[in-house]
Amino acid sequence: MQTLRIVFMGTPDFAVPCLQTLLDSPHSVVGVFTQPDKPQGRKMVLTPPPVKVLAAENGVPVFQPEKMKDPATLEQLKSLAPDLIVVVAYGRILPRAVLELPRYGCINVHASLLPKYRGAAPIQWAILDGETETGVTIMQMDAGLDTGDMLLVKKTPIDPEETAEMLFERLSALGAQALAEILPRLDDLHPVPQPAGDFGYAKMISKSMSPLDWNRSAAQLHDQVRGLIPWPCATTELNGATVKVYRTAVGEETAAAPGSVVEANKKGIAIACGDGKLLRILELQAQGGKRMAAAAYLAGHPIPVCL
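Residues numbered from 1 in each chain as written. Predicted model: local features only at pLDDT ≥ 70, side-chain atom pairs only at ≥ 80, totals over all residues. Heavy atoms only, no water.

1. Overview of the packing of helix 1 (residues 16–24) against helix 6 (residues 164–182)
Contact geometry of helix 1 with helix 6 gives a least axis separation of 8 Å together with a crossing angle of 30°. On the basis of their axis angle, the class for helix 1 and helix 6 is roughly parallel. Of the two possible hands of crossing, helix 1 and helix 6 adopt the one that is right-handed. Of helix 6, the residues touching helix 1 (which contributes Pro17, Cys18, Thr21 and Leu22) are Ser172, Gly175, Ala176, Leu179 and Ala180. (Axes fitted to C-alpha atoms, helices over the stretch in contact; angles between N-to-C directions. Helix = DSSP H or I, 4+ residues; strand = E, 2+ residues; numbered from the N terminus. Parallel < 35°, antiparallel > 145°, perpendicular 65-115°, else oblique. Left-handed = near helix turned anticlockwise from the far one by under 90°. Contact = heavy atoms within 4.5 Å.)

2. Quick word on the nonpolar core
In this structure, Phe8, Val86, Ile138 and Leu179 are the most contacted members of the largest nonpolar core, which totals 48 residues. Considering each element in turn, this core owes the most residues, eight residues, to helix 6. Each residue touching leucine 179, except ones within four places of it in the same chain, is listed here: Cys18, Leu22, Val86, Ile107 and Ile138. (Core = buried A, V, L, I, M, F, W, Y, C linked by side-chain atoms within 4.5 Å. Buried < 20%, exposed > 50% of the residue type's maximum accessible area, 1.4 Å probe, protein only.)

3. Observations regarding the packing of helix 1 against helix 2 (residues 50–57)
Here helix 1 crosses helix 2 at 20°, and the two axes come no closer than 9 Å. Our classification of the angle between helix 1 and helix 2 gives roughly parallel. The way helix 1 lies across helix 2 gives a crossing that is right-handed. Mapping the contact onto sequence places Val16, Leu19, Gln20 and Leu23 in helix 1 and Pro50, Val51, Leu54 and Ala55 in helix 2.

4. Quick look at the pattern of salt bridges
Throughout the structure, instances matching the rule amount to twelve salt bridges. For glutamate 283, the salt bridge goes to arginine 291, with nearest N and O atoms at 2.8 Å. Of the residues examined, glutamate 283 reaches a relative accessible area of 19% and is grouped as buried. Note on arginine 291: relative accessible area 45%, which makes it partly exposed. (Salt bridge = Lys/Arg side-chain N within 4 Å of Asp/Glu carboxyl O.)

5. A look at the pairing of strand 7 (residues 106–110)
With five of five residues buried, strand 7 is to be regarded as a mostly interior element. Residues Cys106, Asn108 and His110 line one face of strand 7 and the alternating positions Ile107 and Val109 line the opposite face, and both faces are buried. Sheet topology places strand 6 (residues 84–88) next to strand 7; three bridges connect them, and they run parallel. Pairing of valine 86 across the sheet is with isoleucine 107, part of strand 7. Pairing of strand 7 with strand 9 (residues 133–140) involves four bridges; the strand directions are antiparallel. Considered in strand 9, the bridge of histidine 110 is made with threonine 137. (Pairing = 2+ DSSP bridges.)

6. Some details on the state of the cysteines
Tallied over the full model, the rule gives zero disulfides. The thiol of cysteine 233 is unpaired, and the distance to the nearest cysteine sulfur, on cysteine 273, comes to 18 Å. Taking relative accessible area as the criterion, cysteine 233 reaches 0% and is therefore assigned buried. (Disulfide = S-S within 2.5 Å.)

7. Re the pairing of strand 14 (residues 261–265)
Pairing geometry for strand 14 and strand 15 (residues 268–272), over four bridges, is antiparallel. Opposite alanine 264, over in strand 15, you have isoleucine 269 as the bridge partner. Hairpin connection, strand 14 to strand 15: the antiparallel pair is bridged by two residues.

Below, the structure is given as structure tokens:
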């Protein structure tokens, strides 16, 4: 295959390894589109997206349009004359005029085994739903939301203790590996249509999902804790104070009512769940405090146990 002119579209850390793969390839990255800089931190410092930082370090022109439907944006793209557009967690819907512009169209690296978990938060929802396997799918983009024909699928198991943060890192690397595999094969691909049907949508994660409902099963709550790290984190109340929960373990059976604290010792804080099992909190963080082991928390915050 001849050298391609590639435009990359992406924004967060997840997209960085894929951009690096393109920069290391024999192809030419002629432009990078990413979301506008945003204020971050307590001081609200205007901060560039990670993709912009990498592009600037490599002297690649960066474009940060507010709207992809802006005629000026389309003219910018046309002037770059891309043979291929690679999209990874860009966070923008591409209009048909953009999808049809490059000779090889637009391909997207999506962090799920499509058609499951289309949408904004596939990594978190795979864990929240207790999935044991996930992966990345490279698809040919169409006008739908993550509905395009599949070009390459790579699978990986999810460890029972793996958090969304850990899985994010692994799928980011797996996506870059998949992209490196597919670039030399663009002329010989055999697109596979996604199965028809309603496979749900991985909606954005919100703080409203944080509170632990102790009427749910211990396994479901364990998955909730894992799936909401690093943000917004699962929460619960202990002695009337709200704490963030960072690490848990499913424990033994109990006859205690859901929400009852059965143990509070060096092994953690064991709370009864709706399925008659305990969930043991191993690491947590008090408001204004630091993340710590449950045993260290208990040293300064004794919790009464239900007998």
